[in-house]
Amino acid sequence: MENSRTVEFEFDDCAGNEDVTFGVSDPGFHVDGDLNLVPLRDLPHSEPVLFIRGLSARADDLAQVDIIGTRGRSAETLGVSRTGLPYRSKRSLLVPNISISENERGPFPKFIGQLISTGEPREQIFRMTGPGADQDPKGLFTIDMNSGAVSVSRSVDREATDSYQLEVSTTDYSGNLIEGPQVFRINVIDQNDNRPIFKEPRYTGEVLEGSPTGTTVMTMTAFDADDPNTDNAVLRYNIVKQSPDKPSPNMFYIDAERGDIVTVIAPTLLDRETLPTTTYELEIMAKDMAGSEVGLTGTTTATITITDKNDHAPEFTHPLFEAHVYEGSTGVVVNLTVDDRDDPATAAWRAMYSIISGDPTQSFEIQTNPDNNEGMLSVVKPLNYEASEFLSLLIKVENEDPLVPDVGYGPSSTATVHVRVEDINEGPVFFPDPLIVTRMENIPVGSFVASLNATDPDILEKQSIRYAVLQDPAGWLSVNPVRGTVNTSASLDRESPYVYDNKYTAVFIATDNGTPPATGTGTLIIHLEDYNDNAPYVLPSVARVCEDTYDVTVAVVGGWDKDLPPNAAPFKIELGTQPDLDKTWNVTRVNSTHSQIRLLRSLKKDNYQLPLLITDSGVPPLSNNTEVKVQVCICNKNRMHCSSAHSHRARFLVLLKLLLLEIFMSSFNYISWILTLYIPVSSHERTAFFAPKNIKLEYFPKKTFEVIFNCYYN
């Protein structure tokens, strides 16, 4: 083993070494005329193994050289050991790894390494495959098919690809494989061709005022695309400039290796309220090559904000504030102003106000104006001049955030507010409001209903009051303008649409004689008791039944009444007073409100009017003669075929109108006569119709009677 710049070796072809050529697998070395292995230049990066081949017409031999120097040392201190190959077959393919530098300049192609075969040169050719050869990026590397010399056709970029793995083999001229394939690698040696780049174009950080020296504010991070295993990617950080540079140009320090920015300034000087600004900008530089002078640099900006803590108590700008407010009014009466040196729009600056004393009735409220931090003192319950014309309030102000331990609220954090109440002419006040009375409906017109009572709050002034009706939806009431007595001017009706839940509501107005006059309103609610003034009625009014049926229930009818109990149910429902109705119909009670109608014998298809009498339970009771239309229909296949909806009587009334029209179109000779028509409504009843006395019979066309009678019977 030797540690020298050159290594001497021996080669003997037994013929004086004439015409011997030597080849070295690493192009950084060559063999001189004295059989010395000599580096061509400083080689900081060399493969650990290389091969020397000696070739002549009489000899062909190969030697392996191990480079035992450390990576990164120059060839001046390379340690080289000469060894013979431990074993060499008759044919062998020696394929060392090759290293090339990125970004090399031409001319291209450039020789970068030698692949060696022990076979006869004239009997074989070299072939190389893989990425960079016959695969993308194609043609980057080429091999001399005869000599095995490997060349690069253009510069390479380690940051794109840091190594290429290829295969080499030898074949005969017919393409038959002789040796290989064997894998070898071309490694790309890094050059410092990438500047450090910060992850963010601008960094922001915050530090609380008064923070201890050495407080970490933020961490800067840059990235270098060069080989991380070399100094090309080893970064060092530095603060280039601080702006502004007051009170010290070195308020912050950055850890050169980690990039942590920490405070250097003393806590007492890091006072947000005394610093020339609350925002500082630092120009940060990152340099590779471990910060050496030849390193490449990248820069960014770090913005540091000095944040506030609540180290200043809010203080009122005046110890005394004055306000004037009219009695009876509400709203803001005065704005209280404060000073706070802390950061605006933060909880350390935002004020909270409270009333300490002087408001036993809780007539005041104070809120914070979010725009200017002022306290808005408002009246929320109207004040009364006659009760108190002067009030004194004690107000306290605090921050939303608590103060720091060594700061407290002083006397300036409280203030006094004097409130003077101004007198106005107040309107009369009704008592009670509303006034509720109970009266029976239908009491006589002019009956007394209620007495209104309105008083004037201005007790220090003697004023008169006059009353008037303001709202009386049904027009039932009148009021005495001086005494305030309310009487009925129309009948009270509980069933009126103006009555809700048995209550009728009216509004009255009282006006004093002050300057200017003031008014007040009061409500009168009359609870109306029921009087039996509505006759009951029956529902439903129409029923259907099949002809030729009997002893069946035709319908269940119910009684209804607008009045209230006891002037309504129970109802008594019975047949009308016409003779022989009970031979065809029967009405029996179901419960207090309903009865059932039964058909006792079969009827033919037609419409029948069944007279009923319904009576309520009022005192005295009210009755109502009503009718239920019973349609007798032909029933087959679950369908009912009924006559038209008009009954006999309804049809006749229509025809009677036509008759009267005919009469008025004729001449008028007035005679008195009575025409009685016997028309079978059913087999048990007749109905008589009376003609007017002023009809002249001889001028009534005969054909008209025929039409009437024919229509009636049909």
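All values derive from a computational prediction rather than experimental measurement. (Residues numbered from 1 in each chain as written. Predicted model: local features only at pLDDT ≥ 70, side-chain atom pairs only at ≥ 80, totals over all residues. Heavy atoms only, no water.)

Draft legend 1. View of the overall build of the protein chain. The number of helices and strands found in the protein chain is two helices and 55 strands. Evaluated residue by residue, the protein chain yields a buried proportion of 41% over its 714 residues. The contacts of the protein chain with a sequence gap of at least 6 include a subset with a gap of at least 24, amounting to 65%. When the accessible surface of the protein chain is split by element, carbon and sulfur atoms take 51% of a total near 38,900 Å². (Helix = DSSP H or I, 4+ residues; strand = E, 2+ residues; numbered from the N terminus. Buried < 20%, exposed > 50% of the residue type's maximum accessible area, 1.4 Å probe, protein only. Contact = heavy atoms within 4.5 Å. Areas by Shrake-Rupley, 256 points an atom, 1.4 Å probe, with all protein chains shown as cover.)

Draft legend 2. Examining the sheet that holds strand 11 (residues 110-114) more closely. Reading across from one edge, 11-15-14 is the order of the three strands in this open sheet, with antiparallel pairing throughout. The sheet terminates laterally at strand 11 and strand 14 (141-143), the two strands that pair on one side only. Averaged over all pairs of adjacent strands, the angle between their axes in this sheet comes to 30°, without regard to strand direction. Here strand 14 pairs with strand 15 (residues 149-152) via three bridges, running antiparallel. Counted as the bridge partner of I143 is V150 from strand 15. (Pairing = 2+ DSSP bridges. Axes fitted to C-alpha atoms, helices over the stretch in contact; angles between N-to-C directions.)

Draft legend 3. Main features of the environment of G475. With respect to the secondary-structure elements, G475 resides in the loop between strand 40 (465-471) and strand 41 (477-479). Between the C-alpha atom of G475 and that of T488, which follows or precedes it by 13 residues, the distance is 9.0 Å. Every residue in contact with G475, bar those within four places of it in the chain, is listed here: S489, A490 and Y504.

Draft legend 4. Molecular detail of the packing of aromatic side chains. Under the counting rule described, the total for this entry stands at eight aromatic pairs. Between the aromatic rings of F198 and Y203, the centroid separation amounts to 6.3 Å while the plane-to-plane angle is 75°, which identifies the pairing as edge-to-face. In this pair, the class of F198 matches that of Y203, namely buried. Ring pairs connect the aromatic residues F198, Y203 and Y237, which therefore count as one cluster. Above the ring of F108, the side-chain terminus of K110 is found at 5.8 Å from the ring centroid. The ring of Y409 has K396 sitting right over it, with the charged end atom 6.0 Å from the ring centre. (Phe/Tyr/Trp six-rings, centres within 6.5 Å; stacked < 30°, edge-to-face > 60°. Lys NZ or Arg CZ within 6 Å of the ring centre and 35° of its normal.)

Draft legend 5. Focus on the state of the cysteines. Applying the stated rule across the entire model yields two disulfides. Here C546 engages in a disulfide with C635; their sulfurs sit 1.8 Å apart. Judged by the sign of its S-S torsion, about -95°, the cystine formed by C546 and C635 is left-handed. With C546 in strand 46 (residues 542-546) and C635 in strand 52 (residues 623-636), this residue pair connects regions lying 89 residues apart in the sequence. Judged by relative accessible area, which is 23%, C546 ranks as partly exposed. Two residues, C633 and C642, share a disulfide whose sulfurs are 1.8 Å apart. Residues C633 and C642 are joined through a disulfide that is right-handed, its torsion about the S-S bond being 100°. Indicated for the protein chain is the disulfide connectivity 1-3, 2-4, based on numbering the bonded cysteines in sequence order. (Disulfide = S-S within 2.5 Å.)

Draft legend 6. Fine view of the side chain of T584. Inspection of the secondary structure assignment puts T584 in the loop between strand 48 (572-575) and strand 49 (585-589). At 3.4 Å, the side chain of T584 and the side chain of R601 are in polar contact. (Polar contact = N/O pair within 3.5 Å; in protein donor to acceptor, adjacent residues only side chain to side chain.)

Draft legend 7. Local environment of unusual backbone geometry. Between F108 and P109 the backbone carries a cis peptide bond, its omega angle lying at 0°. In this fold, P109 is placed in the loop between strand 10 (98-101) and strand 11. Residues K246 and P247 are joined by a peptide bond in cis, for which omega reads 0°. Along the polypeptide, P247 turns up in the loop between strand 22 (236-243) and strand 23 (252-254). Positioned with a positive phi, M289 is a non-glycine residue whose angle comes to about 55°. With a phi angle near 50°, K637 is a residue other than glycine that sits in the positive phi range.

Draft legend 8. Representation of the sheet that holds strand 34 (residues 390-399). Strand order in this open sheet of four strands is 28-35-34-31, and the pairing throughout is mixed. Edge positions in the open sheet fall to strand 28 (320-326) and strand 31 (351-357), since each of these has one partner strand only. In this sheet, neighbouring strand axes are inclined to one another by 30° on average, regardless of whether the strands run parallel or antiparallel. For strand 28 and strand 35 (residues 414-422), the ladder comprises seven bridges, and the chain directions are parallel. Residue pairing across strands places Y326 opposite E422, the latter belonging to strand 35.

Draft legend 9. Broad picture of the pattern of salt bridges. A full pass over the atoms with the stated rule returns 17 salt bridges. Between E495 and R494 there is a salt bridge, with its nearest N and O atoms 3.0 Å apart. Judged by relative accessible area, R494 falls into the buried class, the value being 9%. Two residues, R494 and D530, come together in a salt bridge whose shortest N-O distance is 3.2 Å. Of this pair, R494 sits in the loop between strand 42 (485-488) and strand 43 (503-512) while D530 sits in the loop between strand 44 (519-529) and strand 45 (537-539), and the two are 36 residues apart along the sequence. Overall, the relative accessible area of 13% leaves D530 in the buried class. Here the salt bridges share partners, and the residues they tie into one network are R158, E159 and D190. (Salt bridge = Lys/Arg side-chain N within 4 Å of Asp/Glu carboxyl O.)

Draft legend 10. Quick look at a negative patch on the surface. Together, E8, E10, D12 and D34 give the surface a local cluster of negative charge. Residue D34 is classed as exposed on the basis of its relative accessible area of 57%. (Patch = residues over 30% accessible without salt bridge, like charges linked within 9 Å, V, L, I, M, F, W, Y side chains within 5 Å. Lys, Arg positive; Asp, Glu negative; His and termini not counted. Charge placed at Lys NZ, Arg CZ, Asp CG, Glu CD.)

Draft legend 11. The arrangement of the confidence of the model for the protein chain in detail. With 82% of its residues at a pLDDT of at least 70, the protein chain reaches an overall mean of 83. Mean pLDDT across the elements of the protein chain ranges from a minimum in strand 55 (residues 685-687), with 30, to a maximum in strand 33 (residues 375-379), with 97. Predicted confidence for residues 647-655 stays below pLDDT 50, and this span has 20 contacts to residues more than four positions away or in other chains. Low pLDDT (under 50) marks residues 664-714, which in the prediction has 72 contacts with non-local residues, meaning those over four places away or in another chain. (pLDDT = per-residue confidence, 0-100.)

Draft legend 12. The environment of L40, seen in detail. Note that L40 resides in the loop between strand 5 (36-39) and strand 6 (49-55). Separated by eleven residues in sequence, L40 and F29 place their C-alpha atoms 5.5 Å apart. Beyond its immediate stretch of four places on either side in the chain, L40 contacts P27, G28, F29 and H30.

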